[in-house]
Amino acid sequence: MSDYCIEIDGDTLTQVETARKSIMERYCETLKAGLPMDEMRNSGTYFYLESIEEYLGGAWVKVTGHGEMLMFGGYSYLGLNRHPKINEAAVEAIARYGTGAHGARLLAGTTEIHRELESSIARFKKTESAALFSSGFLANLSAITFLVGRGDIVICDKLDHASILDGCMMSGARMIRFRHNDMDHLESCLRETAGHKGRRLVIVDGVYSMDGDIADLPAISGLCKKHGALLMVDEAHSVGMLGATGRGIEEHFGLPPDTIDVKMGTVSKSIPSLGGYIASSARLCDLLRHTGRGFIYSATVPPASAAAAVAGIKVIEEEPWHVQNLHRNMAYFANRLRQEGFNFLESPTAIFPIVFGDNLRTSTMSKGCQSRGLYVQAIPHPVVPEGTARLRAAVNANHTLEDLDFAIKTLQDSRAAMESLG
Ligand SMILES: Cc1ncc(COP(=O)(O)O)c(C=O)c1O
């Protein structure tokens with residue numbers, strides 16, 4: 001097999017062949033019957049791209065054309081959006097630096113607040129250093145294309161985020177995907193590639209955003225050490241959500257902070273701003289700042305966003321009740337879903353995929369919830385495997401127990417209405 005190829009479930013496709021296919025072509029191949037958005041529009045169950053007019057108090061939002069709704073989607077797991085200290089920091093940064101960064105970091109785009117954000121991330125993630133990118137997508141693309149290339153091997157979980165997949169394809173490394181969270185399969189991939197001369201990099205997500213489950217970090221890091229592979233973990237969803245102080249997946253498992261070699265994360269989910277990072281050794285971060293494609297050839301985040309992220313991290317460090325509330329809500333909501341007999345994927349996270357099977361049933365549920373004031377969206381096939389279309393519900397730290405009961409009642413009423421249609 002050529003080095004310049006990817007293997008997906010035993011099939012081999014050259015990267016060039018895969019890259020040539022447009023996203024639309026790939027969608028249509030998988031779906032055959034048409035695109036989910038068209039089906040949903042035709043059945044009157046489409047609920048995406050809605051405009052939020054205003055964030056109200058707690059977890060409530062005002063949505064154009066729908067009025068007040070309880071937010072039960074989104075990635076603001078700690079409910080920190082509009083936190084006064086974070087808003088103030090952004091406003092102060094605008095007064096001091098203006099609204100733009102006016103360039104890439106290397107060339108005039110670095111302000112003190114960008115440097116402070118990198119130090120804050122390194123402190124929070126307990127690494128020597130951190131390199132900031134304007135998005136998580138770019139952080140993944142830049143780090144992966146820096147770490148591996150032709151002659152190297154990258155081994156990914158089958159459910160890794162699209163930005164990891166794209167980074168691997170861009171890198172030119174041979175790419176192998178192991179069955180989701182299947183440690184025997186990962187070990188066999190590592191065994192089969194033992195003795196390979198180039199670098200071997202294993203990449204997993206900390207939390208899988210569509211299934212809500214988490215990487216088996218103790219086993220994965222053990223296998224990487226045993227087989228001499230480098231480990232990179234995408235912590236976009238685990239930061240703020242996992243661990244007693246929200247520091248992520250190492251803290252969740254009680255593992256030391258040097259368990260993961262390369263920690264990728266974002267400041268756009270639990271931390272209410274924009275940007276992605278790589279937290280790792282000082283040397284790697286320095287190299288990424290001088291050679292990372294997305295670092296050098298893309299403008300950096302505006303100073304106000306950097307200031308909001310600095311303040312967001314500080315809030316998580318100084319106000320432990322946000323993480324505590326989230327954990328309380330996760331346990332309460334899981335219990336209520338179980339009591340009411342909903343078919344959901346159990347996990348230790350704030351993401352609750354409630355499975356309804358086919359796309360139409362799921363989008364009907366989403367529409368039913370929307371009409372009753374609950375903002376929760378359908379994730380159809382082919383985003384998830386056929387027969388597992390689901391509502392992606394997410395609890396956050398701002399939900400009160402009454403909010404969570406309202407969500408359960410809305411799900412029950414919507415399910416009864418859907419079932420009465422036959
Ligand atoms: C697991 C994961 N990694 C990376 C990203 C990309 O991050 P960003 O939205 O900052 O580009 C996302 C975005 O949703 C994600 O869910």
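All figures in this text were calculated on a predicted structure; none of them were measured in a lab. (Residues numbered from 1 in each chain as written. Predicted model: local features only at pLDDT ≥ 70, side-chain atom pairs only at ≥ 80, totals over all residues. Heavy atoms only, no water.)

### Digging into the sheet that holds strand β15 (residues 377-379)
Two pairing modes exist for strands in a sheet, parallel and antiparallel, and in both the strands are linked by backbone hydrogen bonds. On the basis of which strands lie adjacent, the open sheet formed by three strands has the order β13-β16-β15 and antiparallel pairing. The two strands at the open ends of the sheet, each matched to only one other strand, are β13 (351-357) and β15. Mean inter-strand twist for the sheet, computed between neighbouring axes without regard to direction, equals 35°. One ladder, built from three bridges, connects β15 with strand β16 (residues 389-394); its direction is antiparallel. In the sheet register, alanine 378 faces β16, and the bridge partner there is leucine 391. (Pairing = 2+ DSSP bridges. Helix = DSSP H or I, 4+ residues; strand = E, 2+ residues; numbered from the N terminus. Axes fitted to C-alpha atoms, helices over the stretch in contact; angles between N-to-C directions.)

### Section: the pattern of salt bridges
Side-chain pairing between opposite charges can occur once the charged atoms of the two side chains come close. Counted according to the given criterion, the structure contains 17 salt bridges. Between lysine 125 and glutamate 235 there is a salt bridge, with its nearest N and O atoms 2.6 Å apart. Here lysine 125 is found in helix α6 (residues 112-125), whereas its partner glutamate 235 is found in the loop between β10 (230-234) and α11 (249-253), with 110 residues between them in sequence. For glutamate 346, the salt bridge is made with arginine 338, and the minimal N-O distance between the two is 2.8 Å. One connected set of salt bridges, linked through shared partners, spans Arg105, Glu118 and Arg289. (Salt bridge = Lys/Arg side-chain N within 4 Å of Asp/Glu carboxyl O.)

### Section: the domain arrangement of the protein
The parts lose accessible area when they come together, and the size of an interface is often stated as this lost area. Parsing the protein into structural domains produces domain 1 (37-71 + 320-420) and domain 2 (84-318). Between domain 1 and domain 2, the C-alpha centre-to-centre distance is 28 Å. Together, the buried faces of domain 1 and domain 2 total about 1,300 Å²; carbon and sulfur atoms form 66% of this surface. Applying the counting rule to domain 1 against domain 2 returns one salt bridge. Taken together, the connections running from domain 1 to domain 2 amount to six residue pairs in polar contact (both at pLDDT 80 or more). Of all the elements in the fold, those that place two or more residues in the side of domain 1 that touches domain 2 are α15 (321-339), β13 and β16. For the side of domain 1 that touches domain 2, the element with the highest residue contribution is α15, accounting for six residues. Its residues assigned to classes, the side of domain 1 that touches domain 2 shows twelve nonpolar, four polar and two charged. (Domains from an automatic or database assignment. Buried area = accessible area lost by both parts, 1.4 Å probe. Polar contact = N/O pair within 3.5 Å; in protein donor to acceptor, adjacent residues only side chain to side chain. Nonpolar A, V, L, I, M, F, W, Y, C, P; charged D, E, K, R; others polar.)

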